[in-house]
Amino acid sequence: MIGKKILNERFITISEAYEIMKKRAELGDLSYEQKCALDYLEKFKKLTPEKAKELVEELKKIGVDEETAVKIADILPEDIEDLEVIYYKRKLPENAEEILEVVRKYL
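From a predicted model like this one, the values you see are computed outputs, not experimental measurements.

Visitor: Please clarify how the UniProt feature "domain: HRDC" (unreviewed entry) in the chain should be interpreted in this entry.
Guide: The residues that UniProt annotates with the feature "domain: HRDC" (unreviewed entry) are residues 34–107. The span residues 34–107 is 68% helix and 0% strand, and its two end C-alpha atoms sit 29 Å from each other.

Visitor: Just to check I follow, could you spell out the packing of aromatic side chains for this structure?
Guide: Ring pairs (aromatic) are described by centroid distance and by the angle formed between their planes. In the structure shown here, the tally under the stated rule is one aromatic pair. When the ring of tyrosine 40 is compared with that of phenylalanine 44, the centres are 4.7 Å apart and the planes differ by 35 degrees; the resulting orientation is tilted. With a gap of four residues between them, tyrosine 40 and phenylalanine 44 both fall in helix H2 (residues 32–44), about one helical turn apart. Classification of phenylalanine 44 as partly exposed rests on a relative accessible area of 43%.

Criteria and thresholds
Residues numbered from 1 in each chain as written. Predicted model: local features only at pLDDT ≥ 70, side-chain atom pairs only at ≥ 80, totals over all residues. Heavy atoms only, no water. UniProt positions renumbered as here; feature names shortened; annotations may be inferred. Helix = DSSP H or I, 4+ residues; strand = E, 2+ residues; numbered from the N terminus. Phe/Tyr/Trp six-rings, centres within 6.5 Å; stacked < 30°, edge-to-face > 60°. Buried < 20%, exposed > 50% of the residue type's maximum accessible area, 1.4 Å probe, protein only.

As structure tokens, this is what we get:
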């Protein structure tokens, strides 16, 4: 990575990362580590990239920060206990039930 610099940073879902890695795989050979990452992403993606982006946007509209919204879209918590795992170092938001209602539309 000598001579390369980061142009921008943003949080992406597992589904979006999978699509990026899949396109890179189609362009040429992947290193061992990249193949392992692609395998992991394929196993753990739960939504299409479009649905994941849509879920993240809905969560942001109800006050969830982007980083947490992406994590919620990756995990798709089904109940309060699952949501508490995501918020383990922070207080669970007052709109936790509303968050779960939004997620349930995507299950």
